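Tertiary structure, described
Spelled out from the first residue to the last, the chains are:
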Amino acid sequence: MVQPKKHLGQHFLTDKNIARKIVSSLSPGTRNLLEIGPGTGVLTGILLAENLWKLKVIEIDAESIAYLKVAYPEISDSIITGNFLKFKLEDIFQDNFSVIGNFPYNISSQILFKVLNYRNQVDEVVGMFQKEVAERIASPPGNKKYGILSVLVQAFYNIEYLFTVSEGVFYPPPRVKSAVIRLKRNEVKKLDCKENLFFAIVKTGFNQRRKTLRNSLKQFQFSKDEIITDLLSKRAEQLSVGDFIILANDVKKPETASKK
Ligand code: SAH
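Here is what the cut-offs are and how they apply
Residues numbered from 1 in each chain as written. Predicted model: local features only at pLDDT ≥ 70, side-chain atom pairs only at ≥ 80, totals over all residues. Heavy atoms only, no water. Domains from an automatic or database assignment. Contact = heavy atoms within 4.5 Å. Buried area = accessible area lost by both parts, 1.4 Å probe. Salt bridge = Lys/Arg side-chain N within 4 Å of Asp/Glu carboxyl O. Polar contact = N/O pair within 3.5 Å; in protein donor to acceptor, adjacent residues only side chain to side chain. Nonpolar A, V, L, I, M, F, W, Y, C, P; charged D, E, K, R; others polar. Buried < 20%, exposed > 50% of the residue type's maximum accessible area, 1.4 Å probe, protein only. Helix = DSSP H or I, 4+ residues; strand = E, 2+ residues; numbered from the N terminus. Pairing = 2+ DSSP bridges. Right-handed = clockwise from strand over helix to strand, strands pointing away.

1. Things to note about the domain arrangement of the protein chain
Along its sequence, the protein chain is organised into domain 1 (6–185) and domain 2 (195–250). Between the C-alpha centres of domain 1 and domain 2 there is a distance of 32 Å. Every contact between the two is made by 13 residues of domain 1 and, on the other side, 14 residues of domain 2. Buried surface at the junction of domain 1 and domain 2, summed over both partners, amounts to about 1,100 Å²; 72% is from carbon and sulfur atoms. When the buried area of domain 1 at its contact with domain 2 is split by residue, Tyr146, Ile148 and Leu152 rank highest and sum to 41% of it. There are one salt bridge connecting domain 1 and domain 2. A salt bridge links Arg119 to Glu195; the shortest N-O distance between them is 2.8 Å. Between domain 1 and domain 2 we count five residue pairs in polar contact (both at pLDDT 80 or more) in total. Residue composition of the side of domain 1 that touches domain 2, by class: seven nonpolar, four polar and two charged.

2. A few points about the pairing of strand β6 (residues 122–130)
Among the nine residues of β6, eight are classified as buried, and the element is accordingly described as predominantly covered. Sheet topology note: the strand β5 (residues 97–102)/β6 ladder contains six bridges and is parallel. Bridge pairing in β6 places Ile100 opposite Val126. Once the chain exits β5 it traverses helix α4 (residues 108–117) before rejoining the sheet at β6, and the crossover so formed is right-handed. Of the pairings in the sheet, the one linking β6 to strand β9 (residues 178–185) comprises seven bridges and is antiparallel in character. Note on β9: the bridge partner recorded for Val125 is Leu183.

See below:
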């Protein structure tokens, strides 16, 4: 057995039925598949048994890797050792691929930001997150949970909240509930605006999420158009992806933030 390490977010899933349910949530037709954080291989074993994918796994923990090599020798040549956040994903798969995992919760947002950077290569993500993060990602506008990650992920992926998982099926049990969600790349190849501006406006708008956008987005110059005036009177959490695109297209010229 591998001694669970807290700093690596290790909570090993002990319920094979849930592991099967996660695997069967992958869309049919998936070919290249990357599992992040296989740990002791509860998902890996099922993926190998079904053998429908070209599977690679990436794991940071040497002890887990040693365990995997003994328990699942067939995966030995497809184990990538290291930190997912630091890898160039094009070195792992040249073509498009999907991602699966019971993710280390301490870096789950960072995993998604990385996926976003590779959005034209990552077709789908099926993953276990802490429930609260899963809800945030899936949340529609107008909800307290809706935030930067929701807008950015929803701009490029369709999100489905699949099912909730209780603490007791992990060793050791986490302090919070978990949930499995599916992110499927949408049809948007490129946003209908300057994407850098979109990202900047979303991030800046949510930085002071209780202020109206007129106040939180002071560093940007907008027109006096009626639609824009209306959007700026709202708070970031009230705006849809499409609304943020409208704002991004209206910006005259982003001014450098004042030093005061
Ligand atoms: N999939 C396994 C383990 C989940 S725990 C199961 O369901 O039982 C999360 C796993 O992610 C652990 O194995 C941990 O070592 C690994 N991990 C943590 N940080 C990582 C990182 N930055 N890159 C790759 N793997 C990581």
